Amino acid sequence: MSMYGSTRGYNPGVTMYKNMDIENMPKDKQPSSDGGLLSRKSMNTMNKNMNYSNPAIRVAKQMEVIRNFRNSMKNGDA
Amino acid sequence: MAMLETNEPMLDGPIPGESLTAELGARPWQSPPQYANVDDVIDYYMSRMSQEDFMVQLVDVLEMGAPVSAIANSIQLSGVMQGLHTIDSGILVMPVIMEMIMMLGDAAGVKYESGIDNPNKNKTRTSLLAKVAMEYDKKLEEVDIKEAVEEKEEEPDVQYSSGLMARRK
């Protein structure tokens, strides 16, 4: 077997996976839950510094969700 | 009795230029993809990978020792061949596919090989071994073995027995 798990040599997915620095990615704002049921809530939780039209960032966000679930599964939370 | 010959060369591969013999646009990957953006591609793979039969087969393949990166690459390439998405979208969504595969492997309790780390990381390089062996050979050539043996023979072999009551020469 050649390097990095692929049987046919270079695998671009490995490079993609390694370059996805999702741990250091800016986090989305958590919706504030203070106040009562009728309090005004901000619906836009997206981080303004992130360019969501960039496909790589969209992929990273999806990956982050799965990674968080995986980590919680490992810790026995899920 | 006819014997199965396994050393025959494989001559059933495509001949050069065979890929150009089909009508342009006849292949699925030559027509516009079914899913044009990354979100649609991810949705497609998420729904497909959530199917039970897929999960069972995936766990079997992981248990066989196939690396996650190679499985993910095969999955996205088959999508390209079916004309579901372009190869660019396929490569873009590969981290999500890999993450999903690893999550399914974790959920099934399979010890899988991710294929992300370099398997030769902690191994000694063969080039380094060759270099050390060459230097060792050079040093051996420099040493005159005959002289070294003679010096050793000249040394008197004196053995002193220990103890207060031992006989002395």
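Remember, predicted model here, so these are calculated numbers, not experimental data.

Topic: the overall build of chain A
Okay, so step 1: Within chain A, the regular secondary structure consists of two helices and zero strands.
Okay, so step 2: The 78 residues of chain A split such that 17% are buried.
Okay, so step 3: Within chain A, residue pairs in contact and separated by at least 24 positions form 26% of the contacts whose partners lie at least 6 positions apart.

Thoughts on the overall build of chain B
Okay, so step 1: Counting secondary structure elements, chain B contains six helices and zero strands.
Okay, so step 2: For chain B, the succession of helices and strands along the chain, N to C, is α-α-α-α-α-α.
Okay, so step 3: Counting contacts in chain B only where the partners sit at least 6 residues apart, residues at least 24 apart contribute 72% of the total.

Let's talk about the packing of helix α2 (residues 55–74) of chain A against helix α1 (residues 38–49) of chain B
A packed helix pair is summarised by two numbers, namely the angle formed by the two axes and the spacing between the axes.
Okay, so step 1: Where α2(A) contacts α1(B), the two axes come as close as 10 Å, and the packing angle between them is 30 degrees. Looking at the two axes, α2(A) sits roughly parallel to α1(B). Taken as a pair, α2(A) and α1(B) cross one another with a handedness that is right-handed. Touching Pro55(A), Arg58(A), Val59(A) and Gln62(A) of α2(A) are Val38(B), Asp39(B) and Ile42(B), all from α1(B).
Okay, so step 2: Within the contact of α2(A) with α1(B), the residues separate by chemical class into four nonpolar, one polar and two charged.

Considerations on the interface of chain A and chain B
Okay, so step 1: Counting residues at the interface gives 25 residues for chain A and 27 residues for chain B.
Okay, so step 2: Listed by contribution, the elements that provide at least two residues to the side of chain A that touches chain B are α1 (12–19) and α2 of chain A.
Okay, so step 3: Of the residues that constitute the side of chain A that touches chain B, the class distribution is 14 nonpolar, six polar and five charged.

Regarding helix α5 (residues 126–142) of chain B
Okay, so step 1: If you check α5(B), its first and last C-alpha atoms are 25 Å apart, about what 17 residues at 1.5 Å a residue would give, namely 24 Å.
Okay, so step 2: Of all 17 residues that make up α5(B), zero are buried, and the element is exposed over most of its length.

With respect to the environment of Ile91(B)
Okay, so step 1: Within the fold, Ile91(B) resides in helix α4 (residues 87–108).
Okay, so step 2: Ile91(B) sits in the partly exposed class, given 18 other C-beta atoms within 10 Å.
Okay, so step 3: With 19 residues separating them along the chain, Ile91(B) and Ala72(B) place their C-alpha atoms 9.5 Å apart.
Okay, so step 4: Those residues within four positions of Ile91(B) in sequence are excluded, and the remaining contacts are Pro12(A), Gly13(A), Met16(A) and Gln76(B).

Overview of the confidence of the model for chain B
Okay, so step 1: Summarising the model, chain B shows a mean pLDDT of 85, and 88% of its residues fall at 70 or more.
Okay, so step 2: This complex was scored by the predictor with a pTM of 0.69 and an ipTM of 0.75.

Comments concerning the environment of Gly79(B)
All names here are of chain B.
Okay, so step 1: Relative to the helices and strands, Gly79 is located in helix α3 (residues 68–81).
Okay, so step 2: When the C-alpha atoms of Gly79 and Pro28 are compared, they prove to be 10.0 Å apart, with 51 residues separating the residues in sequence.
Okay, so step 3: Beyond its immediate stretch of four places on either side in the chain, Gly79 contacts Leu84, His85 and Gly90.

Focus: the nonpolar core
Okay, so step 1: In terms of nonpolar packing, the biggest core is built from 28 residues, with Val68(B), Ala72(B), Val93(B), Val96(B), Ile97(B), Met98(B) and Ile101(B) touching the most fellow members.
Okay, so step 2: Secondary-structure elements contributing two or more residues to this core are α1 and α2 of chain A together with α1, α2 (52–63), α3 and α4 of chain B.
Okay, so step 3: With sequence-adjacent residues up to four places away left out, Ile97(B) is seen in contact with Tyr45(B), Ala72(B), Ile75(B) and Gln76(B).

A closer look at α3(B)
Okay, so step 1: The end-to-end C-alpha separation of α3(B) is 20 Å, in line with the 20 Å expected for 14 residues at 1.5 Å each.
Okay, so step 2: Of all the residues in α3(B), the buried ones are Val68(B), Ser69(B), Ala70(B), Ile71(B), Ala72(B), Asn73(B), Ile75(B), Gln76(B) and Gly79(B).
Okay, so step 3: Turning to α3(B), the residues buried within the fold contact α1 of chain A together with α2 and α4 of chain B.
Okay, so step 4: Gly83(B) sits one or two residues past α3(B) and shows a positive phi near 80 degrees.

What about the packing of α2(A) against α4(B)?
Okay, so step 1: Two numbers describe how α2(A) lies on α4(B): the axes approach to 9 Å, and their chain directions differ by 10 degrees. Judged on the interaxial angle alone, α4(B) and α2(A) are roughly parallel. Two secondary-structure elements touch here, α2(A) through Pro55(A), Ala56(A), Val59(A), Gln62(A), Met63(A), Ile66(A), Arg67(A), Phe69(A), Arg70(A), Met73(A) and Lys74(A) and α4(B) through Leu92(B), Val93(B), Pro95(B), Val96(B), Glu99(B), Met100(B), Met102(B), Met103(B), Asp106(B) and Ala107(B).
Okay, so step 2: Here the contact of α2(A) with α4(B) is composed, by residue class, of 15 nonpolar, one polar and five charged.

Rules used throughout
- Residues numbered from 1 in each chain as written.
- Chains lettered and ligands numbered in written order.
- Predicted model: local features only at pLDDT ≥ 70, side-chain atom pairs only at ≥ 80, totals over all residues.
- Helix = DSSP H or I, 4+ residues; strand = E, 2+ residues; numbered from the N terminus.
- Buried ≥ 20, exposed ≤ 12 C-beta atoms within 10 Å, placed from the backbone.
- Contact = placed C-beta atoms within 7 Å.
- Axes fitted to C-alpha atoms, helices over the stretch in contact; angles between N-to-C directions.
- Parallel < 35°, antiparallel > 145°, perpendicular 65-115°, else oblique.
- Left-handed = near helix turned anticlockwise from the far one by under 90°.
- Nonpolar A, V, L, I, M, F, W, Y, C, P; charged D, E, K, R; others polar.
- Expected span 1.5 Å × (residues − 1).
- pLDDT = per-residue confidence, 0-100.
- Core = buried A, V, L, I, M, F, W, Y, C linked by C-beta atoms within 7 Å.

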